[in-house]
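Working through the structure, step by step
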Amino acid sequence: MNIHAIRAIYTFELGRTLRTLFQSLASPVISTSLYFIVFGSAIGSRMHTIGGVSYGAFIVPGLIMLALLTESTANASFGIYLPRFTGTVYELLSAPISAVEALTGYVGAAATKSVVLGLIIACTARLFVPYGIVHPVWAAGFLILTSITFSLFGFILGLWADGFEKLQVVPVMIITPLTFLGGTFYSVSMLPPAWQTVTLFNPIVYLVSGFRWAFYGQADVGVGFSLGMIVLFMALCVAIITWVFKTGWRLRT
Amino acid sequence: MTSSDAIVAITGLDKTYKGGHRALKSVDLEIRRGEIFALLGPNGAGKTTLIGIVCGLVRPTGGTVIADGHDIARDYRAARAKIGLVPQELSTDMFETVWHSVNYSRGLFGKPRDHAHVERVLRDLSLWDKRDSKIGALSGGMKRRVLIAKALSHEPTILFLDEPTAGVDVELRRDMWEMVRKLRQQGVTIILTTHYIEEAEEMADRIGVIDGGEIILIEEKHALMAKLGRTKVTVGLTAPLASIPSSLTDENLALSDDGDTLVLTVAGAEDGARAAAELVKRLTMAGIDFVSVDTTRSTLEDIFVDLVEKKRP
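Residues numbered from 1 in each chain as written. Chains lettered and ligands numbered in written order. Predicted model: local features only at pLDDT ≥ 70, side-chain atom pairs only at ≥ 80, totals over all residues. Heavy atoms only, no water.

Describing the interface of chain A and chain B
- With 28 residues of chain A at the interface, the matching set in chain B holds 29 residues.
- Both sides of the chain A and chain B interface together cover about 2,700 Å² of buried area, and 54% of this is carbon and sulfur.
- Joining chain A to chain B, the criterion identifies three salt bridges.
- The partner of Arg77 of chain B in a salt bridge is Glu101 of chain A, and the shortest N-O contact between them spans 2.8 Å.
- There are eleven residue pairs in polar contact (both at pLDDT 80 or more) connecting chain A and chain B.
- For the side of chain A that touches chain B, the elements supplying multiple residues, two or more each, are α1 (3-19), α4 (89-94), α5 (99-128) and α10 (223-247) of chain A.
- Per-element tally for the side of chain A that touches chain B: the top contributor is α1 of chain A, with seven residues. (Contact = heavy atoms within 4.5 Å. Buried area = accessible area lost by both parts, 1.4 Å probe. Salt bridge = Lys/Arg side-chain N within 4 Å of Asp/Glu carboxyl O. Polar contact = N/O pair within 3.5 Å; in protein donor to acceptor, adjacent residues only side chain to side chain. Helix = DSSP H or I, 4+ residues; strand = E, 2+ residues; numbered from the N terminus.)

A few points about helix α2 (residues 21-43) of chain A
- Taking 1.5 Å of rise per residue, 23 residues should cover 33 Å, and α2 of chain A covers 31 Å from first to last C-alpha, within 8% of that figure.
- Those residues of α2 of chain A not exposed but buried are Ser24, Leu25, Pro28, Val29, Thr32, Ser33, Phe36 and Gly40 of chain A. (Expected span 1.5 Å × (residues − 1). Buried < 20%, exposed > 50% of the residue type's maximum accessible area, 1.4 Å probe, protein only.)

Considerations on the sheet that holds strand β4 (residues 62-67) of chain B
- As summarised here, the arrangement of the four strands in space is β2-β1-β4-β5 (chain B), forming an open sheet in which the pairing is antiparallel. Edge positions in the open sheet fall to β2 (22-32) and β5 (70-71) of chain B, since each of these has one partner strand only. (Pairing = 2+ DSSP bridges.)

Here's the deal with the domain arrangement of chain B
- Each assigned domain of chain B is listed with its residue range as follows: domain 1 (6-225) and domain 2 (230-297).
- When each unit is reduced to the centre of its C-alpha atoms, the spacing between domain 1 of chain B and domain 2 of chain B is 45 Å. (Domains from an automatic or database assignment.)

Comments concerning the sheet that holds strand β14 (residues 290-297) of chain B
All names here are of chain B.
- If you walk across this open sheet you meet the four strands as β12-β13-β11-β14, and the pairing is antiparallel. At either margin of the open sheet sits one strand with a lone partner, and together these are β12 (253-255) and β14. Between one strand axis and the next, the sheet turns by 20 degrees as a mean value, whatever way the strands run.
- Two strands pair when backbone bridges link them, and strand β11 (residues 230-237) and strand β13 (residues 261-267) are joined in this way by seven bridges, in the antiparallel orientation. Bridging across to β13, Val235 finds its partner in Leu262.
- Contacting β11, β12, β13 and β14, helix α9 (residues 272-285) crosses the sheet at an angle of about 25 degrees to β11. (Axes fitted to C-alpha atoms, helices over the stretch in contact; angles between N-to-C directions.)

Here you go:
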C-alpha cells in the first residue's frame, strides 16, 4: 500500500480547495442561505407544516443534499480532469500507485470537502430555522455515503469529459434538475398520483428521502430502500471505475 | 539473456496503436547502468512511445521491459519507483508553488517526506530562490527545471529526459548538460531523446538511432564517430585546375566544378590530420600552389542523416 501517495494526492487536492476557499465553500453557503431566505422565510411562512415539520425545517435535508450532490460531482470531476487537461496526469500514470490508491486520494479529498460543506450548510440553516436531528448516526452515514458515491460519480465524469463544457453539463443539466425534482422542496406525497409514480424513477428521491428520515423520522420511501439505492449506485460507480483502470480508458494509450 | 550491467532491458517491445499505426516493431535495447544514452530519431520514429511504455504511460502490445531488475508490468511498483521522467511537454501545475509541487511528486512515488532532499534538489537546479513562486509565473526554462526537480524528488536510479532542451536557450542548455553530467556522477543512469544531435554528441556515452519504430543502430559515441565519421580536407587553389594531375590521382580526391578547390575525403577511423599533411606535401611536390587548407570532421548529424536516408527507399 502506497500510503505516501494517497496522502500526497489527498493533501494536494484539499490544498487546492483551500486556495479557492471562497469559491469552494462560501459560494454554496451563500446560495443555500438565499434558498432559506426565499423558500424558508418568504414562502415557507405561508406554507402548512409537512408531517408536523415546518416548511423551513423540511427543506434543510434537501438543501444539504442538493449542495452535496453538485459539489461532490464538481470537485471530484475537476480534480481528475484538471491534470488530464494540463498534461500533469503523466506523473500520476508513471507513479508506483494502484488504481485503488489513486481513487482513495482523489475521491477521499472530494468527499471530505463535501462532508465539511454539508456540515457548514447544516449549521448555516440552523441560523434561519430551528430543527433537530432524530437519527444523527444515520444522518452522518447518509452524508458520508452520498459524498463518497457522488465523488466516485464525479471521478467518472472527470475521466469521460474531454472539455470544460462536458464537465459542466452533467451537474447543471442532470444533477441539479433531478435534485430539484427529487423532493428537495416538497414531499412526494404532495404530487398528483401519476407524478408520484414518475418521481420514483428519479434516484435522487431516495437519497433526499432517506436523509430527511434521519432528520425527522419520516420519509417518502422506506429508509432501507434509500440505503439500498445509494449502495447500488456506489457499486455501479466502483464497477465502472474498475473497468476504466483495467482498460486504461481515457488514461493510457 | 540480459547482460548483468543492463539497468533497463527491453526485449521484443511492440506497440500498435488503436488506429493501426505500428509505432514500435519488436524493439530490443539494453541500457547500461550509469551511462548516458541518447536516443535519436526523426519525428514519429517511436522515441516517445518507447519512453512512454517504460514509464507506464503507454501500454505495450507485446514484449517485456525490465527496469533495475523489475518487470514493469508484473512488478510495476518496484520498477516505477526507480524511474524518473521528464516529459517533453511543459506540463505543470500552474497554480502550485515549486516547493509543494516537488514534495507532492516525492509522496506520489511512495517516499516519506524529506525536506532536506527536496532542498538539495532545488538548490542543485538553481530553483531554491523560486521555491515559493507559483510555477505558472516561471519562465519556460525554469519550468523545465521544475519538471526535472519533480522527476528527481524520489531519488530515481533511471532518469528519462524526453527532449530536455527543446525551447531552452543556449545558456540554460549548457547548464542542463552540466546538471546531467553531475547526475551521472551520482550514479543515475540517463536516457535522453533529442532532436539536437549536438546534444547527443556533447553528452552521450552511447547512441541509439530509432526510425520507423525500429532501432537501426546502437553504438558507442566515439566508435560511431570513428566508424561512420568522415574528415574532409578542403584545399583552396591559387589558380584553377582543369583536372586532377595524374601524380595526385586518388579515388578519394575530387576537384570542384570551377576547378578552384580540391576535396579529399578520409573515411572512418583514419587520421584526417595526417592525410591532410600528406596531401599538402604531394601538392607542393607537384608544384601546385594553394591559398588555404581546411579540415572538417563530420558531425553526428551528418552520420544520422546519412543513416536515416540510407534506410529509406
